[in-house]
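Structural description and commentary
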There are 2 protein chains.
Amino acid sequence: MASKYKFYSNLMSQPCRSLQIVMNLAKIPFETVTIALGDHAKDSFAKEVNSLCTIPCINDGGFKLAESIAILRYLATKSSLIIRWYPTGARMRARVDEYLEWHHLNIRAPCTGYFRKSWLEPRNTKQPPNQTTLDSLMGQVNRSLDFLENIWLAEGDFLIGSDVSVADIWAICEIEQLFLTPLDPTEGRPKLKAWMERVRRDTNPFYDEAHYTLWSVRDKSGQRSQL
Amino acid sequence: MASKYKFYSNLMSQPCRSLQIVMNLAKIPFETVTIALGDHAKDSFAKEVNSLCTIPCINDGGFKLAESIAILRYLATKSSLIIRWYPTGARMRARVDEYLEWHHLNIRAPCTGYFRKSWLEPRNTKQPPNQTTLDSLMGQVNRSLDFLENIWLAEGDFLIGSDVSVADIWAICEIEQLFLTPLDPTEGRPKLKAWMERVRRDTNPFYDEAHYTLWSVRDKSGQRSQL
């Protein structure tokens, strides 16, 4: 039996959830080490686990690797089972890679930025968010979600091709985080809404399993539309 | 002879320069179509060239692809010559990929953001930059450059391994852009300074060729430290 990867993770983190879903789908053996949020910025974490001070990261028999998409690619060189969600044909792979690159500055950055400023920081600091910053971030999020609705989902059921891929999984985990904020990403975006349902359906039970923690926090906070 | 890729580019763009340098190093045949800055946001560009409205992008006999790093990976599946700068061994490739993923939010985003706010926008709008925004961006750039100095360049001559790789090339093209701004990235960072000299040396004459336009603009503006 293959030895298990050590997977340093916290399910409040979007890329941790993405990676966990894919590893579960592809039946990759892993052992989760849950890292309390904030602990990944500590010196001990930098020294012992990941000098970049980020999660997710893995340890494969001494080989330490960070960055969720780099980890995905590394796992794909070691487990052919991932290919179903990360196709190998040059053009299909290029299309998925094109999304995964576009993702960073167009989905990850604005969605995370808006989540932090509208939800996380006000709770940590007990101060209301700066409205100008919030409006600017909300504009960026809406522009990016419109790109998903009008460009990426213009013709198909998924971001790339006719089946769910890692592109969909990395995207949806960022978008799901927005349901804690005042912004409903699916409002006025019927394609995005139907796509989210399809991706959840085709990645379950692992999608729900990865999101229980987030949904529990959302339901407890109950302040989605009050900020 | 292999047919040439159409390469839509503008040498004021950092990822356009990175891709051009690698294609030249690996002797990949390409034909440049220079896109005036701003034209890539036009409807005609979206319809005919790239619906994501970004450069660089390529056209390979009808197959259109955007995002510089996705293009790099696609070219690497078609030309084995790239392997020297984008190694194939699982762990070395993973290390380069780890940087290329980290790059987006830690080097690309803050360096481009600071360049735009400190140099580009004041010239376009004739208005001085907002100092609070500028200070925040400068803080982010300095933190990221310190990561390069203290983590990525802690032990070796290059970001990954003992030779120049695409990780160095994508990084340096963002950092070179900073010399148009008031921030000297090499100040107090001797490892970064020596690394920049090595990367330029090992990628020339293509490094200088890709940067003539930028350096010409820098020399003409002559306002680096006056903002």
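Just so you know, the residues in each chain are numbered from 1, in the order the chain's sequence is written. As a convention, the first chain written is A and the first ligand written is 1, with the rest following in written order. The predicted origin of the model limits local features to residues at a pLDDT of at least 70 and limits the giving and counting of side-chain atom pairs to 80 or more, whereas totals for whole chains, interfaces and linings rest on all residues. The basis for every side-chain value is the complete set of heavy atoms in the structure, and neither hydrogens nor water enter the calculation.

1. Topic: the UniProt feature "domain: GST N-terminal" (unreviewed entry) in chain A
UniProt records the feature "domain: GST N-terminal" (unreviewed entry) at residues 3-83 of chain A, using the numbering of this structure. Helical segments are the DSSP runs of H or I of at least four residues, strand segments are the runs of E of at least two, and each set is numbered from the N terminus. Split by type, residues 3-83 of chain A is 36% helix and 22% strand. Its first and last C-alpha atoms lie 20 Å apart. UniProt positions are given in the numbering used here, feature names are shortened, and annotations may be inferred rather than shown by experiment.

2. Overview of the sheet that holds strand β3 (residues 57-60) of chain B
All names here are of chain B. In short, DSSP must find at least two bridges between two strands for them to pair. In spatial order, the strands read β2-β1-β3-β4; together these 4 strands make up an open sheet with mixed pairing. Because the sheet does not close on itself, it has two edges, and the strands there are β2 (30-34) and β4 (63-66). The mean angle between the axes of side-by-side strands here comes to 20 degrees, regardless of whether they run parallel or antiparallel. In this sheet, β2 lies alongside strand β1 (residues 5-9) in parallel orientation, the contact comprising 5 bridges. Residue pairing across strands places Tyr8 opposite Val33, the latter belonging to β2. Contact definition: two residues touch when any of their heavy atoms are within 4.5 Å. Only the stretch in contact is used when fitting a helix axis, every axis being a line fitted to C-alpha atoms; angles between N-to-C directions are given from 0 to 180 degrees. Here helix α1 (residues 14-25) sits on the sheet and contacts β1 and β2; the angle it forms with β1, its principal contact strand, is near 150 degrees. Across the sheet, helix α3 (residues 68-78) is in contact with β1, β3 and β4; its angle to β4 comes to roughly 135 degrees.

3. Some points on the domain arrangement of chain A
By a frequent convention, interface size equals the accessible area lost on bringing the separate parts together. Residue and element names in this part refer to chain A. Split into domains, chain A comes out as domain 1 (5-82) and domain 2 (90-221). The gap between the C-alpha centroids of domain 1 and domain 2 is 20 Å. Listed per partner, the contact involves 16 residues of domain 1 and 22 residues of domain 2. Two parts placed together each lose some accessible area under a 1.4 Å probe, and adding up what both lose gives the buried area. In this assembly, domain 1 packs against domain 2 so that about 1,900 Å² is buried in total across both faces, 66% of it on carbon and sulfur atoms. Polar contacts, as counted here, are pairs of nitrogen or oxygen atoms within 3.5 Å of one another; within protein the pair requires one atom able to donate a hydrogen and one able to accept it, and residues that are adjacent in sequence qualify only if both atoms are side-chain atoms. Counting across the interface, domain 1 meets domain 2 through 8 residue pairs in polar contact (both at pLDDT 80 or more). Within the residue set of the side of domain 1 that touches domain 2, elements represented by two or more residues are α1 (14-25) and α3 (68-78). Ranked by residues supplied to the side of domain 1 that touches domain 2, first place goes to α1 with 10 residues. Gly is put with the polar residues, along with every residue not named as nonpolar or charged; the nonpolar set is Ala, Val, Leu, Ile, Met, Phe, Trp, Tyr, Cys and Pro, and the charged set is Asp, Glu, Lys and Arg. Looking at the side of domain 1 that touches domain 2 residue by residue, the class counts come to 9 nonpolar, 5 polar and 2 charged. Domain start and end points were adopted from an automatic or database domain assignment.

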